[in-house]
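# Coordinates in review
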Amino acid sequence: MSLTSGEHTKDELRAMGKQRILLVDDEPDILDFIEYNLVKEGYDVHTANNGNEGVALAKKLLPDLILLDVMMPGAMSGWDVCRRVKSSASNSRGGRPAVLMLTAFSQRELVERAREAGAMAYLVKPFQKQDLLPAIEARFPVCRTRRGRAIAGLSMGGYGAL
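What comes next concerns the included structure. From a predicted model like this one, the values you see are computed outputs, not experimental measurements.

On to empty space enclosed by the protein. The tally for this structure, following the rule as stated, stands at 2 cavities of 30 Å³ or more. Computed from the structure, the largest cavity encloses a volume of approximately 50 Å³. If you trace the largest cavity, you find it lined by V70, W79, M101, T103, F105, L110, V111, A114 and Y122. Of all elements in the fold, only strand 4 (98-103) and helix 5 (108-117) reach the threshold of two or more residues within the lining of the largest cavity.

Time to look at the side chain of S77. With respect to the helices and strands, S77 occurs in the loop between strand 3 (65-69) and helix 4 (78-88). Of the polar contacts made by the side chain of S77, one reaches the backbone nitrogen of W79; its length is 3.3 Å. If we skip the residues at most four places from it in the chain, S77 touches V70 and M72.

Here we take up helix 2 (residues 28-40). Compared with an ideal rise of 1.5 Å per residue, which puts 13 residues at 18 Å, helix 2 spans 18 Å between its outermost C-alpha atoms and is within 8% of the ideal. G42 sits one or two positions beyond helix 2 and adopts a positive phi of about 100°.

Here we take up the environment of A98. Of note, A98 is situated in strand 4. The spacing of A98 and M120 is 22 residues in sequence and 6.6 Å in space, taken between C-alpha atoms.

Below, the discussion takes up the pairing of strand 1 (residues 20-24). Where burial is concerned, most of strand 1 is hidden: 5 out of the 5 residues are buried. Looking at chain direction, strand 1 and strand 2 (residues 44-48) are connected through 5 bridges and run parallel. Note that in strand 2 the partner of R20 across the bridge is D44. By the bridge criterion, 4 bridges tie strand 1 to strand 3 in an arrangement that is parallel. Within strand 3, the position partnered with I21 by the bridge is L65.

Moving on, we get to the packing of aromatic side chains. To describe a pair of aromatic rings, one takes the distance between the centres and the angle between the planes. Within the structure shown, the criterion is met by 1 aromatic pair. Taken together, a centroid distance of 6.2 Å and an interplanar angle of 50° make the contact between F33 and F127 tilted. Separated by 94 residues along the polypeptide, F33 in helix 2 and F127 in the loop between strand 5 (121-124) and helix 6 (129-139) bring together distant segments of the chain.

With that out of the way, let us pick up the pattern of salt bridges. Under the criterion given, the structure shown has 6 salt bridges. One salt bridge connects D44 with R20, and the closest N-O pair in it is separated by 2.8 Å. Remark: R20 occurs in strand 1 and D44 occurs in strand 2; sequence separation between them is 24 residues. The burial state of D44 is the same as that of R20; both residues are buried. The residue R115 makes a salt bridge to E112 at a minimum N-O spacing of 3.2 Å. Pair noted here: R115 and E112 are both in helix 5, with a separation of 3 residues, about one helical turn. Assessed through its relative accessible area of 37%, R115 is described here as partly exposed. By sharing partners, the salt bridges in this structure join D25, E27, D69 and K125 into a single network.

A few words now on the pairing of strand 3. The buried fraction of strand 3 amounts to 5 of the 5 residues, a majority that puts the element mostly inside the structure. Of the two faces of strand 3, the one lined by L65, L67 and D69 and the one lined by I66 and L68 are each fully buried. Both strand 3 and strand 4 contribute to a ladder of 5 bridges, which runs parallel. Its bridge partner being in strand 4, L65 is matched across the sheet by A98.

About the thresholds
Residues numbered from 1 in each chain as written. Predicted model: local features only at pLDDT ≥ 70, side-chain atom pairs only at ≥ 80, totals over all residues. Heavy atoms only, no water. 1 Å grid on protein atoms, 1.4 Å probe; cavity = no way out; pocket = protein on both sides within 12 Å on 5 of 7 lines; lining within 4 Å. Points joined across faces, edges and corners; volume = space filled by probe spheres on them. Helix = DSSP H or I, 4+ residues; strand = E, 2+ residues; numbered from the N terminus. Polar contact = N/O pair within 3.5 Å; in protein donor to acceptor, adjacent residues only side chain to side chain. Contact = heavy atoms within 4.5 Å. Expected span 1.5 Å × (residues − 1). Buried < 20%, exposed > 50% of the residue type's maximum accessible area, 1.4 Å probe, protein only. Pairing = 2+ DSSP bridges. Phe/Tyr/Trp six-rings, centres within 6.5 Å; stacked < 30°, edge-to-face > 60°. Salt bridge = Lys/Arg side-chain N within 4 Å of Asp/Glu carboxyl O.

Interpretation note: all reported values are geometric properties and have no functional meaning in isolation.
As structure tokens, then:
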């Protein structure tokens, strides 16, 4: 699913100044909330409901950023998805997509596990809109607001760099 056209090539998206983001979460309300807010900010947003679909879409869409739930039902957890896309998928600029893990857990051992899987940051659920955009912009300079500016050096309660 996408609120913007998924038919644009990576060169067309780059020319339009849009960053492609893939959301992978099994909770429809969270997907809708994040998708709505990121589309309003000018991002090209796509969603997946489970790990298998997330890996397939990452290979097809070449996202710049993946927002990834840690705990999902089925055979593939967020950890597994992260490891797979970090080892095989590339983004629209030819590099590996950045991964921001979405989790209800903030225990140190789980944060370390996210780092080992290849995630660059995490955002603890529940979070508000005002936590989401700065977490993306602060950690992933490739993702900018529609005004073209990045926010750097933020530190907030539910967000952490790995």
